[in-house]
Amino acid sequence: MSIIDLALEIADEYPVFPCGVNKQPVCHGGFKAATQDPDEVVRLFSTQGAALIGMPTGELSGISVIDIDVRDGKKGREWVEKNRELLGNTRIAETQSGGWHYWYQHEDGIRNRAGIDGCVDVRGEGGYVIHPALPGYRWVNDEDVGKFPSKIAASASGSAGGLQHDNFDAS
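Residues numbered from 1 in each chain as written. Predicted model: local features only at pLDDT ≥ 70, side-chain atom pairs only at ≥ 80, totals over all residues. Heavy atoms only, no water.

Draft legend 1. Highlighting the overall build of the protein chain. Counting its regular elements, the protein chain contains four helices and 10 strands. Of the regular secondary structure in the protein chain, the N- to C-terminal order runs α-β-α-β-β-α-β-β-β-β-β-β-β-α. Here the protein chain has a C-alpha radius of gyration of 16 Å; the compact-globule value for 171 residues is 16 Å, and the two agree. The buried share of the protein chain, reckoned over its 171 residues, is 47%. Expressed as a percentage of contacts within the protein chain between residues at least 6 apart in sequence, the contacts between residues at least 24 apart total 69%. As displayed, the protein chain has an accessible area near 8,700 Å², and 45% of this comes from carbon and sulfur atoms. Positive and negative charge centroids in the protein chain, built from 16 and 25 side chains respectively, lie 8 Å apart. (Helix = DSSP H or I, 4+ residues; strand = E, 2+ residues; numbered from the N terminus. Rg over C-alpha atoms; globule rule 2.2 N^0.38 Å. Buried < 20%, exposed > 50% of the residue type's maximum accessible area, 1.4 Å probe, protein only. Contact = heavy atoms within 4.5 Å. Areas by Shrake-Rupley, 256 points an atom, 1.4 Å probe, with all protein chains shown as cover. Lys, Arg positive; Asp, Glu negative; His and termini not counted. Charge placed at Lys NZ, Arg CZ, Asp CG, Glu CD.)

Structure (structure tokens):
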């Protein structure tokens, strides 16, 4: 299946935009150009360098993502083990680098937040992720997309009740 065909399939559910192999947008406007219009999807993904399918997070897609990183010695595996209960049941994708994207229903106020405990990022309003429908990415499970964890949501939105000092260790 071509990247255009795959992008059209994903656009049935989520807005999409093209990214290069470096995960950076290759279209004018970046994630703000994301669309579900079939003609526009074909036009965008005909751009030279379109190799990956980007999907905006936040209100546009209705999805926010907790991104767990393990590359370059980051302690994502340990963080997931310590915080498994906090993460709850939701759809999970494995990334090219061996980390994970935990997909959740977007809630108003969830913004991007990077570097939590040195291995966790939140992708909310104004962010994007690579959709896991391409080689190097894969769905780990077939769970429904769950509710965003309240303690992480409070921290990612700056609300009271979030976890202190970006330490989500539930133990």
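Draft legend 2. A look at the pairing of strand E6 (residues 113-116). Of the pairings in the sheet, the one linking E6 to strand E7 (residues 120-123) comprises two bridges and is antiparallel in character. Bridging across to E7, Ile116 finds its partner in Val120. Here E6 folds back onto E7, and the loop between the two strands holds three residues, one of which, Asp117, carries a positive phi near 50 degrees. (Pairing = 2+ DSSP bridges.)

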